[in-house]
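Analysis of the macromolecular model
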Amino acid sequence: MASETGLRNRPIRLVSLLLGILFVCTCSSAPKADEEVYSLRKRAETQLDEGNKEADRGNYESALIIINEARRIAVSADDPSLRIRTGLSRGNVLFTLGQAEEAAAAWENALAEAEQLGNPELTAVSRVHQARGRLLSPGGAASAQAIREEVNGEMAAITDSLYAAFAHMVSGLAEKELGRYAEAEAALGLSVAIHEKERNLEKAAYDWYLIASFRSLAGNYNGARQALETAMTLDRRVENSYGLATDWRALGDILKKAGQVEEARHAYLRSAEIFRALGQDEEAAATENR
């Protein structure tokens, strides 16, 4: 009888064992309840980066579309940092497109959110964006001294290298408005060093473009030409056609100021040719008529 009982119990024990194994396997393969998901935030970061690159290449309308989508995703994810950073980039593009009031509102909202978040760096960066907007607005040059001091004062709170480069650039622009061209170039030198180290060649090319303008204002036409040649080299490496078109146009301006009329004409035609290849016929025509 004992052996019969054992045989009868064997199926029950087998079923219990299988159920136990199934339970263990099911539990081990289940996702952790507290695991974070970053898919929305990653999408927003990618969109924001792409939008900023489009803006660097002069494609402001498409940049605004991409950044608006990044902003939408950031809002849906309710990520404060992304909300602030997309707002700042959106303000930059709106300002370039001539929508100054909308840009100011975007920067003001970003600043308010950064202050509410209690993030000193994003607060400082938001104020630097506002300072740049004031500096580049009509009549802003009159406030260049105050803007330079304000921006320099915000730098202590900025640890991100690319934001630091942006602050140095704004400081350099303020120095230029004050007629302090050597100091302006020194500030941009700090910016270009960061961008080249970070392999952000489009922004480094723009730094050299600005340095060329400072040298030109100081009457150093040869130095300005060298700076633009460096900008062109960088823009070619990243195939920044818009940057190349503006580089050639600036070179034409410098050569014209230096009295090299025929060389200036060649530079303008080269610039116009690139603008036309980009479908920017109005820019091409304006460049040809300089």
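In what follows, the accompanying structure is described. (Residues numbered from 1 in each chain as written. Predicted model: local features only at pLDDT ≥ 70, side-chain atom pairs only at ≥ 80, totals over all residues. Heavy atoms only, no water.)

**Details of the overall build of the chain**
- When helices and strands are counted, the chain shows 14 helices and zero strands.
- For the chain, the succession of helices and strands along the chain, N to C, is α-α-α-α-α-α-α-α-α-α-α-α-α-α.
- For the chain, buried positions account for 41% of its 290 residues.
- Counting only contacts in the chain whose residues sit at least 6 apart along the sequence, the fraction spanning at least 24 positions is 52%.
- Total accessible area on the chain stands at roughly 15800 Å², and carbon and sulfur atoms take up 53% of it. (Helix = DSSP H or I, 4+ residues; strand = E, 2+ residues; numbered from the N terminus. Buried < 20%, exposed > 50% of the residue type's maximum accessible area, 1.4 Å probe, protein only. Contact = heavy atoms within 4.5 Å. Areas by Shrake-Rupley, 256 points an atom, 1.4 Å probe, with all protein chains shown as cover.)

**Quick word on the packing of helix α12 (residues 241-257) against helix α13 (residues 261-277)**
- At a minimum axis distance of 8 Å, the contact between α12 and α13 shows a crossing angle of 160°. Looking at the two axes, α12 sits roughly antiparallel to α13. Taken as a pair, α12 and α13 cross one another with a handedness that is left-handed. The segment α12 lies against α13, with S241, Y242, L244, A245, T246, W248, R249, L251, G252, D253, L255 and K256 engaging E263, A264, H266, A267, Y268, R270, S271, I274 and F275.
- Residue composition of the contact of α12 with α13, grouped by class: 11 nonpolar, five polar and five charged. (Axes fitted to C-alpha atoms, helices over the stretch in contact; angles between N-to-C directions. Parallel < 35°, antiparallel > 145°, perpendicular 65-115°, else oblique. Left-handed = near helix turned anticlockwise from the far one by under 90°. Nonpolar A, V, L, I, M, F, W, Y, C, P; charged D, E, K, R; others polar.)

**Section: the packing of helix α4 (residues 80-96) against helix α5 (residues 100-117)**
- Following both chains from N to C, one finds α4 and α5 inclined at 160°, their axes separated by 8 Å at the closest point. As judged from the angle between their axes, α4 and α5 are roughly antiparallel. Considering the relative orientation of α4 and α5, their crossing is left-handed. Along its contact with α4, which presents P80, R83, I84, G87, L88, R90, G91, N92, L94 and F95, the element α5 presents A100, E102, A103, A106, W107, A110, E113, A114 and L117.
- By residue class, the composition of the contact of α4 with α5 is 12 nonpolar, three polar and four charged.

**Here's the deal with the pattern of salt bridges**
- Per the counting criterion, the structure on display carries 19 salt bridges.
- For E202, the salt bridge identified is with R57, shortest N-O distance 2.3 Å. Pair noted here: E202 is in helix α10 (residues 201-217) and R57 is in the loop between α2 (39-56) and α3 (60-77), with a separation of 145 residues, a long-range link.
- Measuring nitrogen to oxygen at the nearest pair gives 2.7 Å for the salt bridge that ties E185 to R215. Residue E185 is located in helix α9 (residues 181-197), and its partner R215 is located in helix α10; the two are separated by 30 residues in the primary sequence. (Salt bridge = Lys/Arg side-chain N within 4 Å of Asp/Glu carboxyl O.)

**Describing the nonpolar core**
- Within the largest apolar cluster, 65 residues are counted, with the highest numbers of intra-cluster contacts made by V128, V151, I158, W208 and L251.
- In this view, V151 contacts V128, A131, A167, V170 and S171; residues no more than four positions away in its chain are not counted. (Core = buried A, V, L, I, M, F, W, Y, C linked by side-chain atoms within 4.5 Å.)

**What about the packing of aromatic side chains?**
- Applying the stated rule across the entire model yields four aromatic pairs.
- For the ring pair Y206 and Y209, a centre distance of 5.9 Å and an interplane angle of 15° mean the geometry is stacked. One end of the pair, Y206, and the other, Y209, are both in helix α10, three residues apart, so they sit about a helical turn from each other.
- Relative accessible area serves as the criterion here: at 42%, Y206 is assigned to the partly exposed category.
- Each residue in the set Y60, Y242 and F275 is aromatic and connected to the rest through ring pairs, giving one cluster. (Phe/Tyr/Trp six-rings, centres within 6.5 Å; stacked < 30°, edge-to-face > 60°.)

**What about α4?**
- When the terminal C-alpha atoms of α4 are compared, their 25 Å separation across 17 residues agrees well with the 24 Å that a helix rising 1.5 Å per residue should span.
- Most of α4 sits out of view: 13 of its 17 residues are buried.
- Of the residues trailing α4, G98 is marked for its positive phi of about 90°. (Expected span 1.5 Å × (residues − 1).)

**Focus: α10**
- The first and last C-alpha atoms of α10 sit 24 Å apart over 17 residues, in line with the 24 Å expected at 1.5 Å per residue.
- The complete set of buried residues in α10 reads L201, E202, A204, A205, D207, W208, L210, I211, A212, F214, R215 and S216.
- Those residues of α10 that are buried are in contact with α2, α8 (161-177), α9, α11 (221-237) and α12.
- A positive backbone phi angle near 85° is found at G219, which sits one or two residues after α10.

In short, the description is geometric, and any link to function would need to be established separately.
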